[in-house]
Amino acid sequence: RWAEVFRQASWDEALDLAAQGLLRLKQAHGPRALAGFGSAKGSNEEAYLFQKLVRTGFGSNNVDHCTRLCHASSVTALLEGVGSGAVSNPVSDVRHADLVLVIGANPTANHPVAATWMKNAAAAGTRIVLADPRRTGLARHAWRVLQFRADADVAMLNALLHVIVDEGLVDEAFVRQRTRGYEALAEHVRAYSPERMAPVCGIDASTLREVARAYATSRASMILWGMGVSQHVHGTDNARCLIALAAITGQIGRPGTGLHPLRGQNNVQGASDAGLIPMMLPNYQRVDHAPARQWFEQLWGQPLDARPGLTVVEILHQALAPESDPDKVRGMYIMGENPAMSDPDLNHAREGLAALSHLVVQDLFLTETAWLADVVLPATAWPEKTGTVTNTDRMVQMGRQAIDPPGDARPDLWIIQQLAQRMGLRWGYDGPHSGVQAVYGEMRQAMHSTIAGVTGQRLEREGSVTYPCVGDDDPGQPIVFTERVPTEDGRIHLVPAGLLTAAELPDGDYPLVLITGRVLEHWHTGSMTRRSEVLHALEPEAVATVNGRELQRLGLHAGARVRVSSRRGAVELQLRRDDGTPDGTVFMPFAFREAAANLLTHAALDPAAKIAEVKYCAVRVQPLQ
């Protein structure tokens, strides 16, 4: 089928066509006519070179990756509150906690290794509080389950903060010595008593008080959260509340405490650290901060744009901008991302991709995005190349090539450098594996405050090192913020959060709430896992889940074929019963191209983080005749 759309070409022809198309658009319309989506599924070196190519070759900061659709709001709040977007404690630290709050996450399906640590901790006596609109697999191991109303995160968290302030459970010494803004926060949460918030969030006041007391008085309490917290228009506010919860109780900077946003892809942490962010250079240096920008201009020998770039959703909006718009995006380079499946309001996103004058896609397979490309560059998978990755625990690890790539596929790092040369950049990353060591050496300069002590030789010797690690004799620091945080004043900044409702609420025409997510068997957009015969046999087709009461109200039965519709699109799939799904709610995984959940989701953005609200929109369910 691919031969009806594409023809085979030599690497030279394909790379020449890819680069010439991008250069032509840049020359005709300026640097901001181009944009790039990098990958959190590749190596640190690939992420670093990709963003460097966009910034020095394209000439703008229009570069982003999947964190914009998963944890951008978490990173925004963490940078604001503690000066770092990384986790404070590794997942395994749950074994040292007396209480663990898991909110907006389904670890048994999405983070099964982390879930094993949590289950083992629960078996050893750790109390787990699971807070989520859905009752998921971890509930069987939980001490308390807070099945709060979807979209009511801030109401519930402010109620917990109210109890801690009102009942004198604040760690006053910690607040006095290590925080800023406590008085404003305390005054703000006085209006959010559990009795007032119970009808809003759906959790009774006595349970809210019990959990707040247990969290505050525990010897060590830890918070882990997922995309159920971040993927809302109030995602940044949700994370601000979690930061405040840890800070005012002093539950940070010690074993078994702290803040841990669970990353969903294997190198989200590393890709973000390496600068695949439109407003941040590597190591989270703002592009509009002159000293930081000038430092990178010296390192790279190129002038850099001082304006923050566009985010994932904004880029595809701008692909559909009128011809007269000076910031209209006309060409894109996409590596290892599948926005034709992962972006919200897919009809709009796909229309934006199709409207581009030139699209270059670099991937393992002909994804839904690749079918829209002018040039497709076949890349390599993890076992077929060498490079480093940084996992959710801030652990830098070396991955070594184990097998040869199929056919004429080439390493991503080689492809990026070939395009850079054809765009006039004189890079000289020589050495085996497309110069991995040379690229990593430059990364250590760019990220000196975190990985200066993590040499390539050390990774070869030790296998992995946890950053920050700033010297050769530094063993690495799995637990950070022990004495201060890396804000300008060294204090945790507390930011009050008010109630902000979802961009689209249920009504008579669309009476149900759609929640999207992953399932254990299929990962992300399914471009890899749905090619596995074993995983396909376990979960072969798309389903929508509702509880038994909702089935009765709909007059349907489990196994029925239905149409789920929103104001943006409709999909047809099978209905499944899951009594963990709350009343008035439908859950859908987004890995199935034949029933893509993101055809339905809303593209409304969190105003601070520009993350899309893919965890909440209004839908209806109708039987298929």
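(A) Just the pairing of strand β20 (residues 561-565), in detail. Here β20 runs beside strand β21 (residues 570-577); their pairing, made up of five bridges, is antiparallel. The partner of S565 across the bridge, within β21, is A570. In this structure, the hairpin formed by β20 and β21 is closed by a connection of four residues. Strand direction decides the pairing type here: β20 and strand β23 (residues 617-623), joined by four bridges, are antiparallel. Pairing of R563 across the sheet is with Q622, part of β23.

(B) View of the nonpolar core. L53, Y333 and L377 are the most contacted members of the largest nonpolar core, which has 60 residues in total. The element that contributes the greatest number of residues to this core is helix α1 (residues 11-29), accounting for eight residues. Judged by nonpolar contacts, the second largest core, of 58 residues, contains A186, V189, I203 and A247.

(C) Quick look at the pairing of strand β19 (residues 543-546). Of the two faces of β19, the one lined by V543 and T545 and the one lined by A544 and V546 are each fully buried. As defined by bridge partners, β19 adjoins β21 across four bridges and the pair is classed as parallel. Residue pairing across strands places V546 opposite R577, the latter belonging to β21.

(D) Main features of the sheet that holds strand β15 (residues 395-399). Taken together, three strands build an open sheet; the order of strands is β14-β15-β16 and the sheet is antiparallel. In the strand order of this sheet, the two ends are held by β14 (387-390) and β16 (464-466), each with one partner. Neighbour-to-neighbour, the strand axes of the sheet open up by a mean angle of 20°, direction not taken into account. Relative to the sheet, helix α2 (residues 44-58) contacts β14 and β15, its axis offset from that of β14 by approximately 90°.

(E) A look at the sheet that holds strand β2 (residues 63-64). Sheet architecture is open: five strands sit in the order β2-β1-β11-β12-β13, paired in parallel fashion. Lying at the two open borders of the sheet, with one neighbouring strand each, are β2 and β13 (375-378). The pairing of strand β1 (residues 34-37) with β2 spans two bridges and is classified as parallel. For F37, the partnering residue across the bridge sits in β2 and is D64. Packed onto the sheet, helix α15 (residues 312-319) meets β1, β2 and β11 (331-335) and runs at close to 140° relative to β1.

(F) Seen up close, the packing of helix α14 (residues 290-300) against helix α19 (residues 432-446). Two numbers describe how α14 lies on α19: the axes approach to 11 Å, and their chain directions differ by 155°. One element, α14, and the other, α19, form an angle in the roughly antiparallel class. Classified by chirality, the crossing of α19 by α14 is right-handed. Judged by residue contacts, W295, F296, L299 and W300 of α14 engage E442, Q445 and A446 from α19. Its residues assigned to classes, the contact of α14 with α19 shows five nonpolar, one polar and one charged.

Analysis parameters
Residues numbered from 1 in each chain as written. Predicted model: local features only at pLDDT ≥ 70, side-chain atom pairs only at ≥ 80, totals over all residues. Heavy atoms only, no water. Pairing = 2+ DSSP bridges. Helix = DSSP H or I, 4+ residues; strand = E, 2+ residues; numbered from the N terminus. Core = buried A, V, L, I, M, F, W, Y, C linked by side-chain atoms within 4.5 Å. Buried < 20%, exposed > 50% of the residue type's maximum accessible area, 1.4 Å probe, protein only. Axes fitted to C-alpha atoms, helices over the stretch in contact; angles between N-to-C directions. Contact = heavy atoms within 4.5 Å. Parallel < 35°, antiparallel > 145°, perpendicular 65-115°, else oblique. Left-handed = near helix turned anticlockwise from the far one by under 90°. Nonpolar A, V, L, I, M, F, W, Y, C, P; charged D, E, K, R; others polar.

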